[in-house]
Amino acid sequence: MDHLTNKRLKTLERSEETNRAEHISLFSSLDQLKAENDAFKALARAMEARVNALQAKLNQVFVLLEQFEEEAEETGEAAAEAEQAAREAEKSAREAEEAAREAEAATEAETETETQTETAEEEKAEAEKQEA
């Protein structure tokens, strides 16, 4: 072998070693990229699970809010009914008070009439006595 061939052979061997090193480096990079890809997929699954959990909690909040609104509506209706009943009771109380005043006035008038009748009868009896 001549010197030039020997030199070319050594150059080819170095080139082959460099290619092997690059090949190993590329496969190592590929393995690292696969591992990162798997990690991102796991992270995406974890985030999806977290989103699902948050969605479930949000749904619970909406259910509770709906129940609260229904209870508030029922409470409002009950309060309106109680207020109406109170107004009606107040009206009945005023009517009963008015009826009591009228009854008292009628009783007083009747008592006055009886008193006047008795007085008139006494005066008539006295007048008859004096005439007799």
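Thresholds, definitions, all that
Residues numbered from 1 in each chain as written. Predicted model: local features only at pLDDT ≥ 70, side-chain atom pairs only at ≥ 80, totals over all residues. Heavy atoms only, no water. Helix = DSSP H or I, 4+ residues; strand = E, 2+ residues; numbered from the N terminus. Rg over C-alpha atoms; globule rule 2.2 N^0.38 Å. Buried < 20%, exposed > 50% of the residue type's maximum accessible area, 1.4 Å probe, protein only. Areas by Shrake-Rupley, 256 points an atom, 1.4 Å probe, with all protein chains shown as cover. Lys, Arg positive; Asp, Glu negative; His and termini not counted. Charge placed at Lys NZ, Arg CZ, Asp CG, Glu CD. Patch = residues over 30% accessible without salt bridge, like charges linked within 9 Å, V, L, I, M, F, W, Y side chains within 5 Å. Salt bridge = Lys/Arg side-chain N within 4 Å of Asp/Glu carboxyl O.

### A word on the overall build of the protein
For step 1, the next point in the chain: Of regular secondary structure, the protein possesses one helix and zero strands.
For step 2, the next point in the chain: For a compact globule of 132 residues, the expected C-alpha radius of gyration is about 14 Å, and the protein comes in at 56 Å, more than 25% above that figure.
For step 3, the next point in the chain: Judged by the C-alpha coordinates and their principal axes, the protein covers about 190 × 15 × 10 Å.
For step 4, the next point in the chain: Counting all 132 residues of the protein, 0% fall into the buried class.
For step 5, the next point in the chain: Here the protein displays about 12100 Å² of accessible surface, and carbon together with sulfur accounts for 56% of that area.
For step 6, the next point in the chain: When the 16 basic and 36 acidic side-chain charges of the protein are each reduced to a single mean position, those positions are 34 Å apart.

### Remarks on a nonpolar patch on the surface
For step 1, the next point in the chain: A contiguous nonpolar surface patch, about 490 Å² in accessible area, is contributed by Leu58, Val61, Phe62, Leu65 and Phe68.
For step 2, the next point in the chain: Within the secondary structure, valine 61 is located in helix α1 (residues 3-131).

### A few points about a negative patch on the surface
For step 1, the next point in the chain: On the surface, Glu66, Glu69, Glu70, Glu71, Glu73, Glu74, Glu77 and Glu81 cluster together to form a negatively charged patch.
For step 2, the next point in the chain: Looking at the element boundaries, glutamate 66 is found in helix α1.
For step 3, the next point in the chain: Glutamate 66 gets classed as partly exposed once you look at its relative accessible area, which sits at 48%.

### A look at the pattern of salt bridges
For step 1, the next point in the chain: By the definition in use, this model includes five salt bridges.
For step 2, the next point in the chain: For arginine 20, the salt bridge goes to glutamate 16, with nearest N and O atoms at 2.3 Å. Residue arginine 20 and its partner glutamate 16 are both found in helix α1; the two are separated by four residues, about one turn of the helix.
For step 3, the next point in the chain: On the basis of relative accessibility, which here comes to 49%, the residue arginine 20 falls in the partly exposed class.

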